Amino acid sequence: MNLKLKTFSYAQLNTFLHRLSGVTKLICFLLLTSAVMFTYDIRVILSIMVMSLILMKIAKIRFSQVRIMYIYVFIFLIANFFLTFLFDPQYGVRIYGTKHILFTIAGSYIVTQEQLFYEISKFCKYLSVIPLGIIFVLTTNPSEFASSLNGIGISYKVGTALSLTLRYFPDVAGDYETIKMAQEARGLDMSRKASMGSRLKNSSAILSPLIMTTMDRIDLISNAMDLRGFGKHKKRTWYVRKPLTKEDYLSIVISALVLFGALYVRFFINHSYFYNPFIK
């Protein structure tokens, strides 16, 4: 149990975010991520990022719960940062219409303020949605989320499928840690002492049994649901159901205002998808 609490799992706490309905958190998540996706204005993106980090603090989410996810996200973002420059080092120049050279690497690989600003904006854009997803997953009771979706007219089959998905995150994380420790006990070096290449190569020894364990669990759950007659009736009752409160409606309104604010900045202030600080 302690292992699961340290990984990507839901924990029942008495915070403002935990008290919100699951469907409210889904709507807020979609509204806020849409606000990030509909603009490349780094001012809007950073504002939403700061707000999401504050919400993570309010939700009492520990970094140890999401450390592994952040490591993989940062690896992806850093790789994306350099690959973007490798394949099109002048993309930022074409977007902003100006060219301020910082230094030249070789040939057409010229580092400009425009390209650097564009890539930093994109880096923050991707990074800003991660805390929102973490908040949604770690503060949402899967059963309550399914019942909330069914309460607004969505099929209980869809709600149950999403509920099982949320429940599965900590199970996969727990299986990964268990298999990793078992392989290390057999002499597989996954510590920081090993080179990056060795660790990537040895990861295959973890992924294969992890995939097999996952497939076995899916088969087991499917058989159990079939034996209990899941899906026979059009409706079902719920043990957990949380009605919408004033806090839910207020959260949705605030998230909608953030989205409208992002759209207003895009269409009426920037008049563009991109914020251009290079034009005075």
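The rules we used
- Residues numbered from 1 in each chain as written.
- Predicted model: local features only at pLDDT ≥ 70, side-chain atom pairs only at ≥ 80, totals over all residues.
- Heavy atoms only, no water.
- Core = buried A, V, L, I, M, F, W, Y, C linked by side-chain atoms within 4.5 Å.
- Buried < 20%, exposed > 50% of the residue type's maximum accessible area, 1.4 Å probe, protein only.
- Helix = DSSP H or I, 4+ residues; strand = E, 2+ residues; numbered from the N terminus.
- Contact = heavy atoms within 4.5 Å.
- Phe/Tyr/Trp six-rings, centres within 6.5 Å; stacked < 30°, edge-to-face > 60°.
- Pairing = 2+ DSSP bridges.
- Polar contact = N/O pair within 3.5 Å; in protein donor to acceptor, adjacent residues only side chain to side chain.

Comments concerning the nonpolar core
Counting 47 residues, the largest nonpolar core has Ile-61, Tyr-70, Leu-127 and Ile-134 as its most contacted members. Of all the secondary structure elements, the ones that give two or more residues to this core are helix H3 (22-37), helix H4 (42-58), helix H5 (63-87), helix H7 (113-139), helix H8 (142-151) and helix H11 (246-270). The dominant element in this core, judged by the number of residues it contributes, is H7, at 13 residues. Apart from the residues within four sequence positions on either side, Ile-61 is in contact with Met-56, Ile-134, Ile-135, Leu-138 and Thr-139.

Regarding the packing of aromatic side chains
The description of an aromatic ring pair rests on the distance of the ring centres and on the angle between the ring planes. Overall, the coordinates contain 19 aromatic pairs when judged by the stated rule. Arranged with centres 5.9 Å apart and planes meeting at 20 degrees, the rings of Phe-29 and Phe-136 form a pair that is stacked. Of the two residues, Phe-29 is situated in helix H3 and Phe-136 in helix H7; the sequence distance between them amounts to 107 residues. Feature note: the residues Tyr-40, Tyr-91, Tyr-96, Phe-117, Tyr-118, Tyr-273, Phe-274, Tyr-275 and Phe-278 constitute an aromatic cluster, connected by ring pairs.

Looking at the pairing of strand S1 (residues 101-106)
Here four bridges tie S1 to strand S2 (residues 109-112), and the two strands are oriented antiparallel to one another. For Ala-106, the partnering residue across the bridge sits in S2 and is Tyr-109. Taking the residues that link successive antiparallel strands as the turn, the S1-S2 hairpin has two residues, and the phi of Gly-107 there is positive, at about 60 degrees.

Overview of H8
The element H8 is largely enclosed, with a buried count of seven among its 10 residues. Looking at the buried residues of H8, the elements they touch are H3, H7 and helix H9 (156-185). Of the residues flanking the start of H8, the one acting as N-cap is Asn-141, its side-chain oxygen 3.0 Å from the backbone nitrogen of Ser-143. In the stretch just after H8, Gly-153 is the one whose phi turns positive, near 105 degrees.

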